[in-house]
Amino acid sequence: MSQSNPQTPPPRRWTATPVAMAAAFCAACALALATSAAADDQAAPSTVTTTALTGNLHLLQGRGGNVVASIGEDGVLIIDDDYEEMVPAYEAALTDLVGADANPRFIINTHWHLDHVGGNLFWADRGAVVLAHTNVRERMSTRQEMKAFDRVVEASPAGALPVITYGDSLAVHFNGDDIEVQHYASAHTDGDSAVYFTSENVVHMGDLFFKDGFPFVDLGSGGSVAGYIAAADAVLARVDDATVIVPGHGSLADKADLQRYRDMLVTTSSAVQAQLAAGESVDSIVEQGLGEEWAPWGTGFINEERWISFIANSP
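Residues numbered from 1 in each chain as written. Predicted model: local features only at pLDDT ≥ 70, side-chain atom pairs only at ≥ 80, totals over all residues. Heavy atoms only, no water.

**Student:** Talk me through the overall build of the chain; I want residue IDs and the actual numbers.
**Tutor:** Check the secondary structure of the chain and you find eleven helices and 15 strands. By sequence separation, contacts in the chain at least 24 residues apart represent 66% of the contacts at least 6 residues apart. For the chain, the computed accessible surface area is about 12,700 Å², with 48% contributed by carbon and sulfur atoms. (Helix = DSSP H or I, 4+ residues; strand = E, 2+ residues; numbered from the N terminus. Contact = heavy atoms within 4.5 Å. Areas by Shrake-Rupley, 256 points an atom, 1.4 Å probe, with all protein chains shown as cover.)

Structure (structure tokens):
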């Protein structure tokens, strides 16, 4: 992987069909469940921003997880597909990029949360083949309890489930690229994968990477802090300074951003574990805080208190 980070043109915006955001919130996965105020629901974006990456790749950003689209002679392949109610906005954006036949041939899900797999059923009904780690299919096909947010996610419809699953890794040869899909165990969940576009020097990390913020560790879905660190180390070993890194949420990143994230994971988790080993309680650690250096990391989806609790309860 050696291609340089591209200069990206100004993004284009597309407006989705209006939806009842409050109702959608009830079906949303953990990443939406953290913000429960109705005002936050109504403020959630209903547009998709499209940004050219490099070669035939495009970044699409809506309400949920970041989406990457490969568009070329073989058709369309997308990584993740946001919430169900965002489908009209993605359909409009892809139609603008591709033309009349904008239906993806393949969808790769980085994990099972609904802000990354919500469009599966729509696209599958139009012929898309959904691929994911075997644990993604297992969790989507059964009722999931998200105790961190006191929520339940019911099983997805059969048509939304991945039809091709893999264990450790998968290769997809599409639009002139060798796309490598690598599973990283027990990190954000037990079904996380990073997707490497080897010819384009781009990697989509899904929720293995929350840029400049503490991550959500879905302990109930087999996630762990140690797994997060292992995944960050593994990706760092594969990328170079020119690699374009797409986080699950947030703006585009590079190797330095991922290194800073990995260092945060190691430093804060080591500090909390040392305090616990010394006999301090979680409440005491929360009261003391992690220090000024890490304060900005807790201003996003996961605050400092919750991050400390993830560390304390992680296997």
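**Student:** Lay out unusual backbone geometry in plain terms, naming residues and giving numbers.
**Tutor:** Positive phi values are uncommon outside glycine, yet Asp80 reaches one of about 65 degrees. You can see Asp80 is positioned in the loop between β5 (75-79) and α4 (87-98). Given the relative accessible area of 0%, Asp80 is considered buried. For Asn175, which is not a glycine, the phi torsion comes out positive at approximately 50 degrees. (Buried < 20%, exposed > 50% of the residue type's maximum accessible area, 1.4 Å probe, protein only.)

**Student:** Please give an account of the environment of Leu161 that cites residues and values.
**Tutor:** Looking at the secondary structure, you find Leu161 in the loop between β9 (151-153) and β10 (164-166). Leu161 sits in the buried class, given a relative accessible area of 7%. Along the primary structure Leu161 and Trp112 are separated by 49 residues, whereas in three dimensions their C-alpha atoms are 9.6 Å apart. Those residues in contact with Leu161 that sit more than four places away from it in its chain are Val130, Arg137, Met140, Ser141 and Ser156.

**Student:** Go over the sheet that holds strand β12 (residues 177-183), please, and point to the residues and values.
**Tutor:** Judged by pairing direction, the sheet is mixed, and its five strands sit side by side in the order β11-β12-β13-β14-β15 without closing on themselves. The strands lining the two open edges of the sheet, one partner per strand, are β11 (169-174) and β15 (244-246). Sheet twist, expressed as the average angle between the axes of neighbouring strands with direction ignored, equals 15 degrees. Where strand β14 (residues 202-204) lies against β15, three bridges are found, and the strand directions are parallel. Paired with His204 across the bridge in β15 is Val246. (Pairing = 2+ DSSP bridges. Axes fitted to C-alpha atoms, helices over the stretch in contact; angles between N-to-C directions.)

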